[in-house]
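One-letter residues, chain by chain:
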Amino acid sequence: METTDPTPAVNADAPAGPDGRDPWLELAGFTSARVALGRAGGSLRTGSLLDFRLAHARARDAVQSAFNAGGLERDLKRHGLASCSLATSASDRRTFLIRPDLGRRLDDASRQRLQELATGWGHRDLAILVSDGLAAQAAERHAVAAIVPLVEELQGAGWSLFPILIVPYGRVKLQDEVGRLLGARHTLMLLGERPGLGSPDSLGAYFTFEPRADRTDADRNCVSNIRPEGLPPAAAARKLAQLLVESARLGVSGVALKDTGLPKPPKPAALG
Amino acid sequence: MSHWSCTVGAHSHHFGSLRELMAKATPRRSGDELAGVAAASAEERVAAQQCLADVPLRQFLQEPLVPYEDDEITRLIVDTHDAPAFAPVEGLTVGGFRDWLLRYETDGGVLAALGPGLTPEMVAAVAKLMSNQDLILVAQKRRVVTAFRCTLGLPGRLAVRLQPNHPTDDPKGIAAAILDGLLYGCGDAVIGINPATDSVPAVETLLRMLDELIRKYEIPTQSCVLAHVTTQLQALRHGAPVDLIFQSIAGTEAANKSFGVTLALLAEAQAAALALGRGTVGRNVMYFETGQGSALSAGAHHGVDQQTLEARAYAVARRFDPLLVNTVVGFIGPEYLYDGKQIIRAGLEDHFCGKLLGLPMGVDVCYTNHAEADQDDMDTLLTLLGVAGCNYIMGVPGADDIMLGYQSTSFHDSHYLRQVLGLRPAPEFEAWLEKMRIVSDGRRLLPVGRGHALLAHGND
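For the structure given in this document, a descriptive report is provided here. As the structure is a prediction and not an experimental result, all values here were calculated from the model. (Residues numbered from 1 in each chain as written. Chains lettered and ligands numbered in written order. Predicted model: local features only at pLDDT ≥ 70, side-chain atom pairs only at ≥ 80, totals over all residues. Heavy atoms only, no water.)

## Describing the overall build of chain B
Broken down by element type, chain B carries 22 helices and 16 strands. The principal-axis extent of the C-alpha atoms belonging to chain B is close to 75 × 45 × 45 Å. For chain B, the proportion of its 460 residues judged to be buried stands at 65%. Across chain B, every contact between residues at least 6 apart in sequence was considered, and the portion connecting residues at least 24 apart equals 76%. As displayed, chain B has an accessible area near 14700 Å², and 52% of this comes from carbon and sulfur atoms. Charge separation in chain B, taken as the distance between the mean sites of 37 positive and 53 negative side-chain charges, equals 6 Å. (Helix = DSSP H or I, 4+ residues; strand = E, 2+ residues; numbered from the N terminus. Buried < 20%, exposed > 50% of the residue type's maximum accessible area, 1.4 Å probe, protein only. Contact = heavy atoms within 4.5 Å. Areas by Shrake-Rupley, 256 points an atom, 1.4 Å probe, with all protein chains shown as cover. Lys, Arg positive; Asp, Glu negative; His and termini not counted. Charge placed at Lys NZ, Arg CZ, Asp CG, Glu CD.)

Below, the structure is given as structure tokens:
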């Protein structure tokens, strides 16, 4: 019975050889893609069907889950980092998903508040923004682990930083408005990436030199797949620090800034 | 600019231009709402459709939705319009055209002859009036056949693009996914890799790997590495074995500019690939991908609805006699197509519009995790497209693309569709599958023995 076969043999009609190994299954050792799944007739076997559903359910939950901004604020405080909470013009999750334009700008109250705060804060080098983006747990689990070493390294290099800005329902471009209001030389935004089936908590980091309204994606640099199984947060912090220092030295960001001598992309986790 | 109005019950609806009328007549989708061009109410949408039904097809030749002076795609559409081919329908309105398309007498031959006389805007307009079953019925009449090392699009056939992506372009990981897919009878449309890195050396490495595999096992298929067209051209000039040239395209000059392409660049690429003469049974060397919403995403939509702009992208594709065109229908996200219902509708529209314009349409039946959709919605669209005579679909291991982070259709899905509709692979590829003892009678997968050459290759 193919569908209830307790062994992982994929050649259900052609059992494994004398050594008990199924050569098809060995293909799975070379990639985390869903290869060597076997078949019932020509269709997915029950186990593979439910595995897929579970992965999709987790990714869906990741998109829908509420962002614990307060917890993030407390975590930062524990590491001696001040933060400030703001809001975008997207008022709820559904609006955020279908109106990317609203996630790119602050709401009126936050804009006014930030303008007032900016006067007291004065000129500084870098504003770091954190948002749930498309996966709140990415920000909750990995943002502090990336920010703490990054701040330490940049302060060591003489950089001055604004308090960390926590802004739920934010899109990458939000940093342009925030950065301009503050007069920040650089902005860096950490936010949950579009979750893949195998990566429901991946954090992305995007920075911009001299942020302003007419900046586009071509003016930014991105470090993505920040999570323990991908690019671990501490390694991401090192990479970001290198890139930011280089960006400040050259006075550019985006395609004009080359990513050289940096860690190679991580190897994917083997299929379990 | 034209002005249109129509009375529904006691209420009169006015539309200030053909562009506005087209947008408001479009079945509801989030991308048009995001662009601010959608109908404000369900009634206004149907009023716009009633109004659109009375618009003469000729109006689209007189009133370009994107200005001729500003846009090379409009110029391409207008300058290459074939008036004699248009003659059979030139006196019809959009509504009359729908009725004409549904007639028994309007068969595949009639539609093939008509194609050069149609503009993307005419085809988009009639699609807005059509129900899902209309889109299926008419598309099914129009077979578009193309060839390179095998023949695609024949009646009773369904091809599959094998999509063996890997997050770090690891050749062994990619090879494992290719072998897995071949053993499910996939790969006749193309073995096409989306590279994680858009660099010339990376693309050359992958092209050579694919070429060696295809030559070693004499697989009657073609390869492609879906990097930017300029990267592929550089690899080609370094002597890399390029079968097909790929490029993403959109429906306005400005959107294509944001992709870094022009018509001239695409013509240069086509000429370079043709000069290699690597096809054995045909000379279709281009592969294009499209998708509703790309122009708005690039800020280059000119106030035109996304379904019409998508059809305009097909005018670009048509110019270059492609082997393959597919709409990556649900990839862009819920801000353009919100849920399974919108994705299914858009997939059927795109397939219909492409076919009517004479393109070898495939569909990447897909969604992202932030869209309100799941694999059951994909099963539905997949089945509908099979009935509609779609040329090819994607084959991704377990439907989970680990590099692009979205869900498409699996090797198993393609086998399901072939089973349930009695569809077979491309004829040359089917013969190879039988020779390799992978498939019998074009329909059933055979048990793969330990000694099978492809398994041995993967474990080398």
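## Quick notes on helix H2 (residues 69-78) of chain A
Residues and elements named next belong to chain A. Looking at H2, one finds that the buried residues are Ala69, Gly71, Leu72 and Leu76. Down the axis of H2, the sector holding all buried residues measures 160 degrees, keeping them to one side. Relative to its buried face, H2 has exposed residues pointing more than 90 degrees away, namely Arg74, Lys77 and Arg78. Residues of H2 that are buried in the fold lie against strand E1 (83-85), strand E2 (126-131), helix H5 (136-156) and strand E3 (164-166). Phi turns positive, to about 75 degrees, at Gly80, one or two residues after H2. (Arc of directions from axis to C-beta.)

## A short note on empty space enclosed by the protein
It is a probe the size of a water molecule, rolled over the atoms, that shows where empty space is left. Residue and element names in this part refer to chain B. Applying the stated criterion to the full structure yields five cavities of 30 Å³ or more. Considering the residues around the largest cavity, the lining is formed by 19 residues, among which Gly293, Ser294, Ala295, Gln306 and Leu309 are closest to the centre. Elements that contribute at least two residues to the lining of the largest cavity include exactly helix H2 (30-35), helix H16 (294-297) and helix H17 (306-318). Top element by residues in the lining of the largest cavity is H17. It accounts for four residues. Together, Tyr184, Gly185, His415, Arg418, Pro425, Leu433, Val439, Gly442, Arg443, Arg444 and Leu445 line the second largest cavity. Taken together, the elements giving at least two residues each to the lining of the second largest cavity come down to helix H20 (411-421) and strand E16 (444-445). When grouped by side-chain class, the residues that make up the lining of the second largest cavity number five nonpolar, three polar and three charged. (1 Å grid on protein atoms, 1.4 Å probe; cavity = no way out; pocket = protein on both sides within 12 Å on 5 of 7 lines; lining within 4 Å. Points joined across faces, edges and corners; volume = space filled by probe spheres on them. Nonpolar A, V, L, I, M, F, W, Y, C, P; charged D, E, K, R; others polar.)

## Focus on the nonpolar core
B:Leu52, B:Phe97, B:Leu101, B:Phe352 and B:Trp432 are the most contacted members of the largest nonpolar core, which has 161 residues in total. Beyond its immediate sequence surroundings of up to four residues, B:Trp432 is in contact with B:Leu182, B:Tyr217, B:Glu218, B:Ile219, B:Pro220, B:Ile438 and B:Leu454. Of all hydrophobic cores here, the second largest spans 38 residues; its members include A:Ala135, A:Trp159, A:Leu231 and A:Leu257. (Core = buried A, V, L, I, M, F, W, Y, C linked by side-chain atoms within 4.5 Å.)

## Here's the deal with the pairing of strand E5 (residues 203-209) of chain A
All names here are of chain A. The buried fraction of E5 is high, at six of seven residues. Bridge analysis of strand E4 (residues 186-192) against E5 gives seven bridges, and the strand direction is antiparallel. Bridge assignment links Leu191 to a residue of E5, and that residue is Gly204. Alignment of E5 against strand E6 (residues 220-226), held across five bridges, turns out to be antiparallel. Across the sheet, residue Leu203 finds its bridge partner in E6, namely Ile226. (Pairing = 2+ DSSP bridges.)

## Details of the interface of chain A and chain B
Between chain A and chain B, the contact holds 45 residues from the first and 46 residues from the second. The interface formed by chain A and chain B holds two salt bridges in total. Linking B:Asp400 and A:Arg34 is a salt bridge whose minimum nitrogen-to-oxygen distance equals 2.8 Å. Contributions of two or more residues to the side of chain A that touches chain B are made by helix H1 (46-64) and helix H3 (93-98) of chain A. A per-class count over the side of chain A that touches chain B returns 23 nonpolar, ten polar and twelve charged. (Salt bridge = Lys/Arg side-chain N within 4 Å of Asp/Glu carboxyl O.)

## Description of the sheet that holds E3(A)
Two pairing modes exist for strands in a sheet, parallel and antiparallel, and in both the strands are linked by backbone hydrogen bonds. Residues and elements named next belong to chain A. Ordered in space as E1-E3-E2-E4-E5-E6, the six strands form an open sheet in which the pairing is mixed. In the strand order of this sheet, the two ends are held by E1 and E6, each with one partner. Between one strand and the next, the sheet's axes are offset by a mean angle of 20 degrees, whatever the strand orientation. Here helix H6 (residues 174-182) sits on the sheet in contact with E2, E3, E4, E5 and E6, set at roughly 145 degrees to E4. (Axes fitted to C-alpha atoms, helices over the stretch in contact; angles between N-to-C directions.)

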